[in-house]
Protein chains: 2
Amino acid sequence: MKKCVHVLYVVIMLMSALCVSAQQNVGDKSLAMVSPCVTGDDVEFVLDMPNARQVMLRGDWMAEPVAMQQRDADGCWYYMCQDLAPGVYTYTYVVDGTTMIDPSSVYTLRDVGQLFTYFIVGGGVADYYMIQDVPHGTVSQQWYHSAAMGYDRRFTVYTPAGYDDGDRLYPVLYLLHGMGGDETAWSELGRAAVILDNLIAAGKAEPMIVVMPNGNVAQQAAPGSSARGLVPVVFHEPRTCNGEYESAFGEIIDYIDTHYRTYRDAGHRAIAGLSMGGYHSYYISANMPATFGYVGLFSAAIDARGKHAVYEHIDAKLQQLQESDLRLYWIAIGSDDFLYDEVRLLRERLSAMQCPYIYRESDKGHQWSNWRLYLTEFLPMLFR
Amino acid sequence: MKKCVHVLYVVIMLMSALCVSAQQNVGDKSLAMVSPCVTGDDVEFVLDMPNARQVMLRGDWMAEPVAMQQRDADGCWYYMCQDLAPGVYTYTYVVDGTTMIDPSSVYTLRDVGQLFTYFIVGGGVADYYMIQDVPHGTVSQQWYHSAAMGYDRRFTVYTPAGYDDGDRLYPVLYLLHGMGGDETAWSELGRAAVILDNLIAAGKAEPMIVVMPNGNVAQQAAPGSSARGLVPVVFHEPRTCNGEYESAFGEIIDYIDTHYRTYRDAGHRAIAGLSMGGYHSYYISANMPATFGYVGLFSAAIDARGKHAVYEHIDAKLQQLQESDLRLYWIAIGSDDFLYDEVRLLRERLSAMQCPYIYRESDKGHQWSNWRLYLTEFLPMLFR
C-alpha cells in the first residue's frame, strides 16, 4: 500500500494566461483535498468536518455503515478500506444523521433520488468498467414521439465506433432500467457505453446499437430533463408495471429501425433489463415472438404486477417465443436477491415446458455490481 | 410568497409492485427534505446539520456569502432569498469551512473542479433556460480522431429536432468553452440545448447544428470521461492558449462536414465562445477568412497568451476577415468583467480599421449568467 497524498495543493497559476482571481467563483472551483484516494485496491476516505460528532461511511460494498475516526492532528474524519475487489463503488457520508456525497470529489452518480460519490478499483472485470484508450462509440440523448402515450419521450442510444463512417447495418440491443431508474441509468450507473467500447475493442462483443429507453410511462425523461422541472425524485413512478409500456414497445423499435441502420430480424435484435427492466423484457419478448432472438433477464421481477393483456396466457406465449427465432434466453440473479424465488419459479416453469435457457447465479443481491457484471457477460453472447 | 413545505414525506409504497425494502440502498435513494424551495422568485434554503457552528450560503447571485440562521425548533439552518431575478443560479454551503452542495438536491452542475447545486427562477429570459414542452433536439457525446494531436478527442453536438427525419442541410455553430471548461460546459452549465430548443420552437432561431468541442488540447475529454480516470480537476489545463488548438481547428470542421448534413459556406457557419473560447473564436476566425460568416466573442480574452503564427499579424488578418464573407461580428461583455479593457482596446482597433462590429454591454462580470444571456441573444442573429 502506497502512502496517499491527501492534500492536493492545486497550483493556481497566478501568472497564467487569464487572470484567475477575477474568474467567477474560481476559488471554489478547485478542490483542496483529494478523497477518496484509491491506491491499488486500498481506498482512503477523508472528510474535513471537525465539528461533526459522528460521521458514518455508507458504502455499497459494506453490509452496514461504518464509523469514521476523527484524527487529533487536523480534526478530519478518516477511514481506510483495504483489499477491495475490482469494481465500481458508490458511497455517501452520514454526518450527524445527514447523508451527503464526499465534498472532495466531483465524481457522482444519481441513483433514484440520491447522489453518491463513486470510484473504481481496477483489475479483473472492472477493467471493462474503466475508460480505456480504445475507439469510443457515441452516446446520444434523443427524443421520439410516442403515439401511444401522446407525448415526446427521451431515450439514450449508443452507436459503436465507426457507425458514422460507413453504411453497414448493425444489430440492436434494447437495454431496460429498473424501478426508480430512467433512460440515463444504464449509461451512467451501469457504465454501459464504457463496457461496450471495451468489449467491442477487445473483439469480445459485436459492434451493436444499444437503445436505453425510459420505462416510466409517466415520465417524458429523467428528472431535471423534462418540462416537469427540477422536481424531487420518487422511487416508484406510476404507470411502470401496468402493461402500458410493454404493449407500446413496438413504437420504440419502429423508431429505431427507421432512424438507424439496423438489421430488422430477430437474429439481430436483443432485449435485456434489470429488475423492473427484466420484468419488461420478460413480457415484451413473450408478447412479441420472432422479434428478439436474445433475451436477458437480470435480477428480474417475474410475477405480473398489474392486470393487462400482456400479462395473460404467459406460458403459452413463452412456448410460442421458444418456437420462434430464439437463440438465447439468459437468466441471471444473485443468490441474495429478494427476487430469487420468483426467478426460481420461472426456471422451474421453463424447465417443465422444455423451454431452454441459460442460468447464471452470482453472489450478492439486487445491486449494480451484479448488473454491470451481467451486462459484461451477456454482451459477448449476442449476435454471433 | 407561499409557504414552503420543507419535509417531503416520500411515500415509499411498501405495498407496491416491487419489494422496496430489499432494493439496494433504497432508503438512501429518496430525499426526506426539499431544498432549495423555489416559490416564484423567492427561494428558501434549508440544511439539516444541527451540530455545525457556522453555515454560509455562497450563491452566484450574491457578492459575498451570507450566514444562514439556525432555528431552535429543529436545529436546521435556514436562509430565504426574495425577489430573485429570472435566471439559473448555482450555490454551495460552507459548513464550518467545508464547501459542499445542498444534500437535499440531486440537481448539480460541475464548474471546473467544484460541484454546485442549481435552481432556476423562471420568467423573462429564464423561460428560455427552462425545459419547455417543445420539440427537442438530440445531444450527443461523440469522438473524432485528431490527426494534429495524434489521439481521439470528444465533442458534444446538438442536432435540432427533425434532423433525423429529413435530408435537408443545416448551418453550423461552433460554440467554445472557457478556461477550466470542457466539451460539457455549454450543454450543462450553459443550457445550450435547452436554449436552442426553445428559440427554434419559437421561430426565433434557425434550426442549426451546434458543435461544442473540447478546447483543452491536453485533454481527450472532460474529467472522468477519458482514460485519465477520475482525476482531480484543474483550472488551467496546459496547451490551451498556445496556438495549437486554433491552428488545428480545421480538422474539427472537416469532421463535422463529412459526418453531418451541413452547408459548407461562410454564410452558414458561425463560431462563438466565452472567455478563452472567445479568444479561440477570435483567432480561429481571423486565421480562417471566408470560413465563418458569424463571429461571437462573449467576455473574450483578446491579447495573445502565447507565441504562435496564429497570433501574428492579427490586424491584417482582421482586415482580410472583414473583406471575406463576414455578416456579423458580435462582441459582448459585462461592465464589471476583468477582461473589459482588452475588449475595449479591440473595439478601438476595429473602429480605427473601419471593421464593423456590434457591441453589447451587459451588467455584471465574467459569469455564466452573462454567457447564457449572450447565447440567447446571439442565436437569433445567425443564418438569416
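Residues numbered from 1 in each chain as written. Chains lettered and ligands numbered in written order. Predicted model: local features only at pLDDT ≥ 70, side-chain atom pairs only at ≥ 80, totals over all residues. Heavy atoms only, no water.

Per the secondary structure count, chain A includes eight helices and 18 strands. For chain A, whose C-alpha radius of gyration is 23 Å, the value lies close to the compact-globule estimate of 21 Å for 384 residues. Reported as C-alpha extents along the three principal axes, the dimensions of chain A are approximately 70 × 45 × 40 Å. When the accessible area of chain A is evaluated, it comes to approximately 13900 Å², of which 51% is carbon and sulfur surface. (Helix = DSSP H or I, 4+ residues; strand = E, 2+ residues; numbered from the N terminus. Rg over C-alpha atoms; globule rule 2.2 N^0.38 Å. Areas by Shrake-Rupley, 256 points an atom, 1.4 Å probe, with all protein chains shown as cover.)

It is worth spelling out the sheet that holds strand E6 (residues 77-81) of chain A at this point. All names here are of chain A. Sheet architecture is open: four strands sit in the order E1-E2-E6-E5, paired in antiparallel fashion. Edge positions in the sheet fall to strand E1 (37-39) and strand E5 (69-70), since each of these pairs with one other strand and no more. Relative to E6, strand E2 (residues 42-47) runs antiparallel, the two sharing five bridges. By the bridge assignment, Phe 45 is partnered in E6 with Tyr 79. (Pairing = 2+ DSSP bridges.)

Attention now goes to the pairing of strand E12 (residues 151-159) of chain B. All names here are of chain B. Of all nine residues in E12, seven are buried; the element is thus mostly enclosed. Relative to E12, strand E11 (residues 138-146) is paired through nine bridges, and the arrangement is antiparallel. By the bridge assignment, Gln 141 is partnered in E12 with Thr 156. If you look at the hairpin formed by E11 and E12, you'll find four residues sitting between the two strands, and Gly 150 has a positive phi there, around 85°. Pairing between E12 and strand E14 (residues 209-213): four bridges, direction antiparallel. Following the sheet pairing, Tyr 158 is matched in E14 by Val 210. (Buried < 20%, exposed > 50% of the residue type's maximum accessible area, 1.4 Å probe, protein only.)

Moving on, we come to the packing of aromatic side chains. All names here are of chain B. Applying the stated criterion across every chain, the model contains 62 aromatic pairs over all chains. Between Phe 45 and Phe 119, the aromatic rings sit 5.8 Å apart at their centres with planes inclined by 65°, giving edge-to-face as the arrangement. One end of the pair, Phe 45, is in strand E2 (residues 42-47); the other, Phe 119, is in strand E10 (residues 114-121), and 74 residues separate them in sequence. On the accessibility criterion, Phe 119 (2% relative accessible area) is buried. Consider the rings of Tyr 279 and Tyr 283, whose centres lie 5.0 Å apart with planes at 70°: the pair is edge-to-face. Linking Tyr 279 with Tyr 283, this pair stays in helix H6 (residues 276-287), spanning four residues, or about one helical turn. Just as Tyr 279 is buried, Tyr 283 falls in that class too. (Phe/Tyr/Trp six-rings, centres within 6.5 Å; stacked < 30°, edge-to-face > 60°.)

This part is about the nonpolar core. Core analysis: the largest hydrophobic core is formed by 196 residues, its most contacted members being Leu 173 of chain A together with Leu 173 of chain B. Excluding its chain neighbours within four sequence positions, the residues that come into contact with Leu 173 of chain B are Met 208, Ile 209, Val 210, Val 211, Ala 270, Ile 271, Ala 272, Leu 375, Phe 378, Leu 379, Leu 382 and Phe 383 of chain B. One finds Met 68 and Val 121 of chain A together with Val 66 and Cys 81 of chain B within the second-largest nonpolar core, a separate group that totals 40 residues. (Core = buried A, V, L, I, M, F, W, Y, C linked by side-chain atoms within 4.5 Å. Contact = heavy atoms within 4.5 Å.)

Nothing here speaks to function; it is all geometry.
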